[in-house]
Amino acid sequence: HATYSAIPNFPGISGDSFSFDGNEVVDYRPFKALVPSEGFSAGLFAYVSDNQPRGLSVLFHNGSYSNLIGWVIEVTENGSAGFNVGDNSSSNGVGSSASIPLNEFVHIFGTYEPSTSTTKIYIDGDLESEDNVNQVPSTRDELTIGCRASFRTRYFRGKASDARIHNRVLSADEVKQLSNIRSDRSYGSPYVPRKPVAASNLVAWYPFEGEASDATA
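Residues numbered from 1 in each chain as written. Predicted model: local features only at pLDDT ≥ 70, side-chain atom pairs only at ≥ 80, totals over all residues. Heavy atoms only, no water.

**Quick look at the overall build of the chain**
Part 1 of the reasoning: Counting its regular elements, the chain contains 1 helix and 14 strands.
Part 2 of the reasoning: Counting only residues that meet the buried cut, the chain has 53% of its 217 residues in that class. (Helix = DSSP H or I, 4+ residues; strand = E, 2+ residues; numbered from the N terminus. Buried < 20%, exposed > 50% of the residue type's maximum accessible area, 1.4 Å probe, protein only.)

**Here's the deal with the packing of aromatic side chains**
Working definition: an aromatic ring pair is given by the centre-to-centre distance plus the angle between the planes.
Part 1 of the reasoning: If you walk through the whole model with that rule in mind, you get 6 aromatic pairs.
Part 2 of the reasoning: Ring centres 6.4 Å apart and planes at 70 degrees place the aromatic pair F40 and F83 in the edge-to-face group. In this pair, F40 is assigned in strand β4 (residues 40-48) and F83 in strand β7 (residues 81-87), connecting sequence segments 43 residues apart. Residue F40 shares its accessibility class with F83, and that shared class is buried. (Phe/Tyr/Trp six-rings, centres within 6.5 Å; stacked < 30°, edge-to-face > 60°.)

**Quick word on the confidence of the model for the chain**
Part 1 of the reasoning: On average, residues of the chain carry a pLDDT of 78, and 77% of them reach 70 or more.
Part 2 of the reasoning: Segment residues 1-14 is flagged for pLDDT under 50; beyond a separation of four residues in sequence, or across chains, it makes 49 contacts in the model. (pLDDT = per-residue confidence, 0-100. Contact = heavy atoms within 4.5 Å.)

**Structural notes on the nonpolar core**
Part 1 of the reasoning: Grouped together as the largest cluster of nonpolar side chains are 37 residues, with contacts concentrated most on L59, F60, W71, I108, I145, I165 and Y206.
Part 2 of the reasoning: At 5 residues, β4 tops the list of elements feeding residues into this core.
Part 3 of the reasoning: Every residue in contact with L59, bar those within four places of it in the chain, is listed here: L44, A46, I73, E74, V75, I108, T144, I145, G146 and F156.
Part 4 of the reasoning: Counting 9 residues, the second largest nonpolar core, distinct from the first, contains F105, Y122, V175 and I181. (Core = buried A, V, L, I, M, F, W, Y, C linked by side-chain atoms within 4.5 Å.)

**Quick word on the pattern of salt bridges**
Part 1 of the reasoning: Summed over the entire model, instances satisfying the criterion amount to 3 salt bridges.
Part 2 of the reasoning: Note that D162 is salt-bridged to R164, the shortest N-O span being 2.6 Å.
Part 3 of the reasoning: Overall, the relative accessible area of 2% leaves D162 in the buried class.
Part 4 of the reasoning: Note that E174 is salt-bridged to R168, the shortest N-O span being 2.9 Å. Residue E174 shares its accessibility class with R168, and that shared class is buried. (Salt bridge = Lys/Arg side-chain N within 4 Å of Asp/Glu carboxyl O.)

Right under this line is the structure:
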């Protein structure tokens, strides 16, 4: 399992992230399944280390790579962030147009709107890309942070904080509010992760306050 970490660029503040050294994973099983037909949103703060392994690495995954089930937030081979959904036969999604910054926290958030089959990815609260997909994602009861579910490959190296999953599509304003969580506090103050103003359908919340439990449980 992942190890506890303090954040170096927030002096005096500790207890608000987990470190992944490229061989670790936080595994939640059984995970309470989403209802994709109602739409969903998922994301987290990610600190991508400058010694990230070459190739694709997985930040947040609900599903299985063996048969392309579910959804995934990942860092691609070229350093961009991606949000993809799969329907048991194929997968598709959206990605950021540029590499995400290294050695600093970046808010990465994806949404899936079933009425229009639209996926969106936000970087630091700004809509980076959107596209229509043919896949209607199916999910399973396995959720991982730090590597692929099922195969346990594509490990992430860096830090993760404040991971959230909603069984609805968050608005652009709500995503922006979440992306500002880190800046909406003073240096030296204890870090207290906040639920969004509209917290309905928040099905999982992992603040990573020194341990990895679901704060909605």
